[in-house]
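Coordinate inspection notes
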Amino acid sequence: MTKQILLSTPHMGELEQKFVQEAFDTNWIAPVGPHVDAFEREFCDVVGSSHAAALSSGTAALHLALQLIGVSAGDEVFCSTLTFIATASPISYLGAKPVFIDSDRTSWNMNPELLREALDKRAKLGKLPKAVVIVHLYGQSCDIDPILAVCNDYEIPLIEDAAESLGASYKGRSPGSFGKIGIFSFNGNKIITTSGGGMLVSDDQKLVEKARFLATQARDPAPHYQHSEIGYNYRLSNVLAGIGRGQLCVLGDRVEARRRNFDFYKQALGNLPGIEFMPEAAFGKSTRWLSCLTIDPAAFGANREEVRLALAEEKIEARPVWKPLHLQPVFADCECIDGAVAEELFENGLCLPSGSNLTDEDLGRVTSAIAKIHKEHG
Ligand SMILES: *Cc1c(COP(=O)(O)O)cnc(C)c1O
């Protein structure tokens, strides 16, 4: 029986169970407790933000981030188009509308020049968006400086979706720590996981306190239950925060392992005609959360989908690069500024198995399978 190789699976370290046991021993089995507080502090140390709120998911964190910034029904929010749906769905939760922006080829992330042009145009029309949401895709930071500069020029708050990029750097600092608010995810497929969870970070203490307030049903300070606002049940469990604390201890190892996967793939496949790996932008260090490449079918001999299906035959899970949000049926009526780069990356882009727990044998199976496809079709 050949083992199934999956895209990205959880990889526990040695301390998670000890922290979870501690939660059991002290009966802190609740969405509050010492692990939650410690996880927030330790997370701040890792990403260099001043304040953090541990939440039930990255999506919940984005929802709160947008609400804290004041996004509401009828507003527009500019957003990267090449990303997972959760970057934009919280915009819809609030009744606001996303306007999508295309990627650049160096980072696969939001093109800063397109953003500036679009905002200049909108400023002239007196129709600036309420916020800008950027995603740091597949472990690689956006080119944050020019994006932040234009947002500052127009006094538009920047939200960073760093769900896929914990452990990455931009000019020596962690993405997620530059904008007004940053968010991270600990979903099962991310670089570290709590099975499910998220984090909202900001240097603005009041914002983070308000996030905690909204995440715990917006309870006013009173002995009875009193509410002047509608809140959510979005706090992270103390048990899961224990897992998170253990995972944070091995984050550095996980980044190195994922980068090693990428180097292995590049070494073995980089010279095949038509194969191009996701570039690493000069301004930072990618975690290579997922190892991604593009396939030019004419040069390679098979297209992305043929390669994906051939890998599936060999029990190897690969996935197309995110389908751009402006092509999603649910956002059919939303504007997109350009979009051709994201469309091409989707058409030809493939994510290879990328877990930090893959063995050389696993990686070898992937590269041999791809080399074989080229040999048969090229
Ligand atoms: C995973 C992910 C999210 C959502 O995080 P959850 O914790 O799964 O809610 C948001 N944005 C991006 C880009 C992601 O990859």
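Residues numbered from 1 in each chain as written. Predicted model: local features only at pLDDT ≥ 70, side-chain atom pairs only at ≥ 80, totals over all residues. Heavy atoms only, no water.

Things to note about the overall build of the chain
When its secondary structure is counted, the chain shows 13 helices and 14 strands. Here the chain has a C-alpha radius of gyration of 21 Å; the compact-globule value for 378 residues is 21 Å, and the two agree. Along the three orthogonal principal directions, the C-alpha set of the chain runs to about 70 × 60 × 35 Å. Sequence separation of at least 24 residues holds for 72% of the intrachain contacts in the chain that already meet a minimum separation of 6. Charge centroids of the chain, computed over 36 positive and 48 negative side chains, lie 2 Å from each other. (Helix = DSSP H or I, 4+ residues; strand = E, 2+ residues; numbered from the N terminus. Rg over C-alpha atoms; globule rule 2.2 N^0.38 Å. Contact = heavy atoms within 4.5 Å. Lys, Arg positive; Asp, Glu negative; His and termini not counted. Charge placed at Lys NZ, Arg CZ, Asp CG, Glu CD.)

Re the environment of Lys 372
Structurally, Lys 372 is set in helix 13 (residues 360-377). Put simply, Lys 372 and Ile 230 are 142 residues apart on the chain and 57 Å apart in space, counted from C-alpha to C-alpha.

Considering the pairing of strand 3 (residues 97-101)
Extensive coverage of strand 3 is indicated by the burial of four of its five residues. Here five bridges tie strand 2 (residues 76-80) to strand 3, and the two strands are oriented parallel to one another. The residue of strand 3 that forms the bridge with Phe 78 is Val 99. In terms of strand pairing, strand 3 meets strand 13 (residues 336-337) through two bridges, oriented parallel. Considered in strand 13, the bridge of Ile 101 is made with Ile 337. (Buried < 20%, exposed > 50% of the residue type's maximum accessible area, 1.4 Å probe, protein only. Pairing = 2+ DSSP bridges.)

Side note on the nonpolar core
Leu 64, Leu 66, Val 71, Val 77, Ile 181 and Leu 200 are the most contacted members of the largest nonpolar core, which has 36 residues in total. Those elements that provide at least two residues to this core are strand 1 (51-55), helix 3 (58-69), strand 2, strand 4 (131-135), strand 7 (181-185) and helix 7 (205-215). Among the elements that line this core, the one with the most residues is helix 3, at eight residues. Among the domains, domain 1 (16-248) and domain 2 (252-377) are the pair contributing at least three residues each to this core. Residues within four places of Val 77 in sequence aside, it is in contact with Leu 66, Val 71, Ile 91, Ala 96, Lys 97, Pro 98, Val 99, Pro 129, Ala 131 and Val 133. Core analysis: the next-biggest nonpolar cluster, separate from the first, contains 35 residues, Val 135, Phe 184, Ile 191 and Val 201 among them. (Core = buried A, V, L, I, M, F, W, Y, C linked by side-chain atoms within 4.5 Å. Domains from an automatic or database assignment.)

Concerning the domain arrangement of the chain
Segmentation of the chain into domains returns domain 1 (16-248) and domain 2 (252-377). Tallying the contact residues gives 41 residues for domain 1 and 38 residues for domain 2. Considering only the side of domain 1, the residues that lose the most area to domain 2 are Trp 108, Tyr 138 and Ile 191, jointly responsible for 24% of the buried surface there. Taken together, the links from domain 1 to domain 2 amount to three salt bridges. (Buried area = accessible area lost by both parts, 1.4 Å probe. Salt bridge = Lys/Arg side-chain N within 4 Å of Asp/Glu carboxyl O.)

Section: helix 7
Among all positions of helix 7, only Leu 207, Val 208, Ala 211, Leu 214 and Ala 215 are buried. The buried residues of helix 7 occupy one face: seen down the axis, they fall within an arc of 120°. For helix 7, the N-terminal cap is Asp 204; the gap from its side-chain oxygen to the backbone nitrogen of Lys 206 is 3.0 Å. Looking one or two residues beyond helix 7, the residue adopting positive phi is Gln 217, at roughly 70°. (Arc of directions from axis to C-beta. Polar contact = N/O pair within 3.5 Å; in protein donor to acceptor, adjacent residues only side chain to side chain.)

Some details on the packing of aromatic side chains
Overall, the coordinates contain 13 aromatic pairs when judged by the stated rule. Pairing Phe 39 with Phe 43 gives two aromatic rings, centres 6.2 Å apart and planes at 75°, and the pair type is edge-to-face. Taken together, the residues span about one helical turn, with Phe 39 and Phe 43 both in helix 2 (residues 34-47) at a distance of four residues. For the pair Phe 39 and Phe 43, one class covers both residues: buried. Residues Trp 108 and Tyr 138 carry aromatic rings whose centres are separated by 6.5 Å and whose planes lie at 80° to one another, so their mutual orientation is edge-to-face. Placement of the pair is Trp 108 in the loop between strand 3 and helix 5 (112-125) and Tyr 138 in the loop between strand 4 and helix 6 (144-153), with a sequence separation of 30 residues. Aromatic ring contacts, followed pair by pair, group Phe 84, Trp 108, Tyr 138, Trp 289 and Trp 322 into a single cluster. Lying across the ring of Phe 19, Lys 18 places its NZ or CZ 4.6 Å from the centre. Over the ring of Phe 178 we find Arg 173; its NZ or CZ atom is 4.0 Å from the centre of that ring. (Phe/Tyr/Trp six-rings, centres within 6.5 Å; stacked < 30°, edge-to-face > 60°. Lys NZ or Arg CZ within 6 Å of the ring centre and 35° of its normal.)

Concerning the sheet that holds strand 3
Here we have eight strands laid out as an open sheet, ordered 1-8-7-5-4-2-3-13, and mixed in their pairing. Across the chains shown, the open sheet's two edge strands, defined by having one partner strand only, are strand 1 and strand 13. Contacts from helix 2 reach strand 1, strand 7 and strand 8 (198-202) within the one sheet, and its direction differs from that of strand 1 by about 130°. Lying over the sheet, helix 7 contacts strand 1, strand 7 and strand 8, oriented at roughly 15° with respect to strand 1. (Axes fitted to C-alpha atoms, helices over the stretch in contact; angles between N-to-C directions.)

A short note on a negative patch on the surface
Together, Glu 113, Glu 117, Asp 338, Glu 343 and Glu 347 make up a negatively charged patch on the protein surface. Those elements giving two or more residues to the negative patch turn out to be helix 5 and helix 12 (340-348). With respect to the helices and strands, the residue Glu 113 is situated in helix 5. (Patch = residues over 30% accessible without salt bridge, like charges linked within 9 Å, V, L, I, M, F, W, Y side chains within 5 Å. Areas by Shrake-Rupley, 256 points an atom, 1.4 Å probe, with all protein chains shown as cover.)

Considerations on the pattern of salt bridges
Considering all chains together, one arrives at 20 salt bridges under this definition. Of the charged contacts in the structure, one is a salt bridge between Lys 210 and Glu 229, with a shortest N-O distance of 3.3 Å. Here Lys 210, found in helix 7, pairs with Glu 229, found in the loop between helix 7 and helix 8 (238-249); they are 19 residues apart in sequence, far enough to count as distant. According to the relative accessible area criterion, Lys 210 is partly exposed, its value standing at 33%. When salt bridges that share partners are traced, they join Glu 40, Arg 212 and Arg 235 into one network.

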